[in-house]
Each structure stands twice: as structure tokens, then as C-alpha cells.
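Read off the chains here:
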Amino acid sequence: MNSAIRFTSAALFTASFVTAPVAIAQSNVERDQSGPYVSGSYGGYKSHGGEFEDENDLLGAAVGYQFNPFFALEAEYIDFGNFGEDDVEGKLKGFGLSAVGRLPLTDSFGVYGKAGAFASAFDVDVFNESETYDEVSPFVGAGVDFRVTPALTAFAEYNRYNVDIDKEDFNGQVTNSGPEFDTGRVGLKYQF
């Protein structure tokens, strides 16, 4: 009987620990469902399908407008920093413009998908040869968000970007047309 009491106590403690933040957040989420917002994010990425094979950090900042609980437009700046190996290095940054479709699952929790265009500046150094590629390419993403307060939302999201380079610029030293970037990041969004 003593082990049954300990098991019940542990189960109740775990359940209260998991559900208390959700209950508190749901009681505090009454707010306007539309308006402008700003966000900041931090994450990592993996480049593949190109000559760049390492993992690095990225920083993002965005402004947007939430039209209703289901739809927003967003503009963001992303800096992927420097990445690459000794003889093949790159630096990528750019601006994205996307439409965000959101499905609210509760008053404070939802899932979303986004699609848009990414205008990038990609500086590539390969065996002492350098080129800069400015282009606009599509990107897609998906994420989850959790409203912490009426104005503050935490989110986690995945995005995929594709950036092209011209192999002919590097006299056969580069074998692929450019990497795809898988990104994962977390951030906070503040709605006015």
C-alpha cells in the first residue's frame, strides 16, 4: 500500500507540473486576435546538397501583421553567419517575406505553416576564388506556438531554404549547384 501511495503522489505531482502552465496561460490569453508584432529568434541549421557540410547558428528578427487567428504576413531578416570548411567557405544573409497560415488548437496553442520568398546575398569563397550570388528563391516552413501572456508568444519552427550557385564560376572545383538549408529555431513574438 505504501508504494501505491507513492505512485499516486508522483502521478499527481507530474500531472500538476505539466498542466499548471497550460491552465495559467489559458486563463491569460484573452487579447485582440489581430495587430502588428515583432519577433526575435535563435537557432541552428544544417546545409546539405552542396559543398558546405557543417552546422552553425542563425539569428532572425521579424515584423508582421496578424490579420486574424488564422492568417498573418511576415517580413524577416536572417543572418546565417560564416560557415564551411577550410577551402570552401560561405556567408549567407537575407530578407524573407512570407504568408503564415495558423491552426489554433486551443486558446493558447497552435500549429502553423509558412511559405514565401527569400532574397539572399550568398558570398562564396572556394580555393581563393570569390563570388557573390544575389537571388530570390522560395522557402517553406512549419512550427508550433504557445501564448505565454496576452502579448507574448513563444514559438519553435523549421524552415527549408534553397540557395543556388553557378558551378562554372569555380572551374570545376565546386560539384553542386548550391546547398539546401534545414533550419530549426526558437523565438519570442510580441504582439502590440
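The rules we used
- Residues numbered from 1 in each chain as written.
- Predicted model: local features only at pLDDT ≥ 70, side-chain atom pairs only at ≥ 80, totals over all residues.
- Heavy atoms only, no water.
- Phe/Tyr/Trp six-rings, centres within 6.5 Å; stacked < 30°, edge-to-face > 60°.
- Helix = DSSP H or I, 4+ residues; strand = E, 2+ residues; numbered from the N terminus.
- Buried < 20%, exposed > 50% of the residue type's maximum accessible area, 1.4 Å probe, protein only.
- Lys NZ or Arg CZ within 6 Å of the ring centre and 35° of its normal.
- Patch = residues over 30% accessible without salt bridge, like charges linked within 9 Å, V, L, I, M, F, W, Y side chains within 5 Å.
- Areas by Shrake-Rupley, 256 points an atom, 1.4 Å probe, with all protein chains shown as cover.
- Salt bridge = Lys/Arg side-chain N within 4 Å of Asp/Glu carboxyl O.
- Pairing = 2+ DSSP bridges.
- pLDDT = per-residue confidence, 0-100.
- Contact = heavy atoms within 4.5 Å.
- 1 Å grid on protein atoms, 1.4 Å probe; cavity = no way out; pocket = protein on both sides within 12 Å on 5 of 7 lines; lining within 4 Å.
- Points joined across faces, edges and corners; volume = space filled by probe spheres on them.

All right, on to the packing of aromatic side chains then. If you walk through the whole model with that rule in mind, you get 11 aromatic pairs. Here the aromatic rings of Tyr 45 and Phe 80 are separated by 5.0 Å at their centres, their planes lie at 75°, and the arrangement is edge-to-face. On the criterion of sequence distance, the pair formed by Tyr 45 in strand S1 (residues 35–48) and Phe 80 in strand S3 (residues 71–84) is long-range, its members being 35 residues apart. Pair check on accessibility: Tyr 45 and Phe 80 agree, each one buried. On the basis of an interplanar angle of 55° and a centroid distance of 5.1 Å, the ring pair of Tyr 77 and Phe 95 is categorised as tilted. Of this pair, Tyr 77 sits in strand S3 while Phe 95 sits in strand S4 (residues 88–104); the two residues are 18 residues apart in sequence, bridging distant segments of the chain. A cation over an aromatic ring shows up here: Lys 189 above the ring of Tyr 37, its NZ or CZ 4.5 Å from the ring centre.

Turning to a nonpolar patch on the surface, a few remarks are in order. Among the surface-exposed residues, Tyr 65, Phe 67, Phe 70, Phe 71 and Leu 73 lie close enough to one another that they form a single nonpolar patch of about 480 Å² accessible area. Secondary structure elements with two or more residues in the nonpolar patch: strand S2 (55–68) and S3. Residue position: Phe 67 is located in strand S2.

This part is about the pairing of strand S7 (residues 152–162). In S7, alternate side chains face the same way, and those of Thr 153, Phe 155, Glu 157, Asn 159 and Tyr 161 are buried while those of Leu 152, Ala 154, Ala 156, Tyr 158, Arg 160 and Asn 162 on the opposite face are not. Relative to S7, strand S6 (residues 129–147) is paired through nine bridges, and the arrangement is antiparallel. Following the sheet pairing, Val 140 is matched in S7 by Arg 160. Taking the residues that link successive antiparallel strands as the turn, the S6-S7 hairpin has four residues. Strand direction decides the pairing type here: S7 and strand S8 (residues 180–191), joined by 11 bridges, are antiparallel. Bridging from a neighbouring strand, Asn 162 pairs with Glu 180 of S8.

What follows concerns the confidence of the model for the protein chain. Scored by pLDDT, the protein chain comes out at a mean of 79, with 70% of its residues at no less than 70. Between the elements of the protein chain, mean pLDDT differs from a low of 44, seen in helix H1 (residues 2–27), to a high of 93, seen in S7. Within the model, pLDDT remains below 50 along residues 1–20, and this stretch shows one contact once partners closer than five positions in the same chain are excluded.

On to empty space enclosed by the protein, then. Applying the stated criterion across every chain yields a total of two cavities of 30 Å³ or more. Quantified by volume, the largest cavity comes out at close to 220 Å³. What lines the largest cavity is a set of 22 residues, among which Tyr 37, Glu 74, Tyr 112, Glu 157 and Lys 189 lie closest to the centre. Mapped onto the lining of the largest cavity, the elements with two or more residues apiece are S1, S2, S3, S4, strand S5 (109–126), S7 and S8.

This paragraph deals with the pattern of salt bridges. Tallied over the entire structure, the rule returns seven salt bridges. Here Arg 102 and Asp 145 are joined by a salt bridge, their closest N and O atoms 2.8 Å apart. Placement of Arg 102 in strand S4 and of Asp 145 in strand S6 is noted, with a sequence separation of 43 residues between them. Using a relative accessible area of 10% as the deciding quantity, one classes Arg 102 as buried. According to the relative accessible area criterion, Asp 145 is buried, its value standing at 6%. The network of salt bridges with shared partners includes Glu 74, Glu 76, Lys 114, Glu 157 and Arg 185.

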